[in-house]
Structure formats: structure tokens, C-alpha cells
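Architecture and fold: a report
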Amino acid sequence: MNLGHIVAGYDKGTERLTIEHDVPASIFEEVRSLAKVPDTDRHALGSYPLSVSAIRRLALRLPAPLNVDAYDWYLEPVASEA
């Protein structure tokens, strides 16, 4: 099992995880930087909030809508089979 990452959207009203978008390995370092993951967590094993400006930049890179009004967004690790 390998480590992958998602951009996770939590509903601002319920605080429930509602949307998940896979982060392609090809843009992981960019997303890691946008999430301001510290160097002490090179693999981004924690959950890191993404700012509105970071989400707007990611919206240009991910093939999915990222609504900043309805959701709080985070970079989070996930186990993957790949």
C-alpha cells in the first residue's frame, strides 16, 4: 500500500467531509507548497488547510470545481493501492 493525497472539502455548515479530489503525483509538490506543509513533514502526513488563494490556484490544475464559499479545503494523506 502506498501513500497518496487528496484535496478534501468539508461542508462549512456541517463540517462533514463531502468532497474528495485526488492530487496527482505530478503536482503534489506544488500542492504541498500551497498548503504550507513544514519541512518536518516531507510526506505531508498531517491535515493541512488550504487558503482561498491556494484553492483558486489549484482550481486551474485540478479537473474539478473547488467551491470556496461552501467548503473548507485541506490537503490530506490517504492510503492508495497504486
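Residues numbered from 1 in each chain as written. Predicted model: local features only at pLDDT ≥ 70, side-chain atom pairs only at ≥ 80, totals over all residues. Heavy atoms only, no water.

1. Here's the deal with the packing of aromatic side chains
- Considering all chains together, one arrives at two aromatic pairs under this definition.
- For the pair Tyr-10 and Tyr-74, a centre-to-centre distance of 5.5 Å together with 90 degrees between the ring planes defines the contact as edge-to-face. Pair noted here: Tyr-10 is in strand E1 (residues 2-11) and Tyr-74 is in strand E4 (residues 71-80), with a separation of 64 residues, a long-range link.
- According to the relative accessible area criterion, Tyr-10 is partly exposed, its value standing at 21%. (Phe/Tyr/Trp six-rings, centres within 6.5 Å; stacked < 30°, edge-to-face > 60°. Helix = DSSP H or I, 4+ residues; strand = E, 2+ residues; numbered from the N terminus. Buried < 20%, exposed > 50% of the residue type's maximum accessible area, 1.4 Å probe, protein only.)

2. Quick look at the nonpolar core
- Membership of the largest hydrophobic core comes to 20 residues, with the highest contact counts inside it found for Val-7, Val-23, Leu-50, Ile-55, Leu-58, Trp-73 and Leu-75.
- Contributing elements (two or more residues each) for this core: helix H1 (28-34), strand E3 (48-50), helix H2 (52-59) and E4.
- Leu-58 has contacts with Val-7, Val-31, Leu-34, Leu-50 and Leu-66, leaving out every residue within four places of it along the chain. (Core = buried A, V, L, I, M, F, W, Y, C linked by side-chain atoms within 4.5 Å. Contact = heavy atoms within 4.5 Å.)

3. Re the pairing of E4
- With ten bridges joining them, E1 and E4 adopt antiparallel strand pairing. Residue Gly-4 lies in a different strand from E4, and its bridge partner there is Val-78.
- Of the pairings in the sheet, the one linking E3 to E4 comprises three bridges and is antiparallel in character. Bridging from a neighbouring strand, Leu-50 pairs with Trp-73 of E4. (Pairing = 2+ DSSP bridges.)

4. Some remarks on the pattern of salt bridges
- Tallying each qualifying case throughout the model produces three salt bridges.
- A salt bridge links Glu-30 to Arg-61, with the nearest nitrogen and oxygen atoms 2.9 Å apart. With Glu-30 in helix H1 and Arg-61 in the loop between H2 and E4, the pair connects residues that are 31 residues apart, well separated along the chain.
- Under the relative-accessibility criterion, Glu-30 is labelled partly exposed at 23%.
- Linking Arg-42 and Asp-39 is a salt bridge whose minimum nitrogen-to-oxygen distance equals 3.9 Å.
- Salt bridges sharing partners connect three or more residues here, namely Glu-29, Asp-39 and Arg-42. (Salt bridge = Lys/Arg side-chain N within 4 Å of Asp/Glu carboxyl O.)

5. Details of H2
- Considered for burial, the residues of H2 that qualify are Ala-54, Ile-55 and Leu-58. Viewed along the axis of H2, the buried residues span an arc of 100 degrees, placing them on a single side of the element. Exposed and oriented more than 90 degrees from the buried face of H2 are Ser-53 and Arg-56.
- Looking at the buried residues of H2, the elements they touch are E1, H1, E3 and E4. (Arc of directions from axis to C-beta.)

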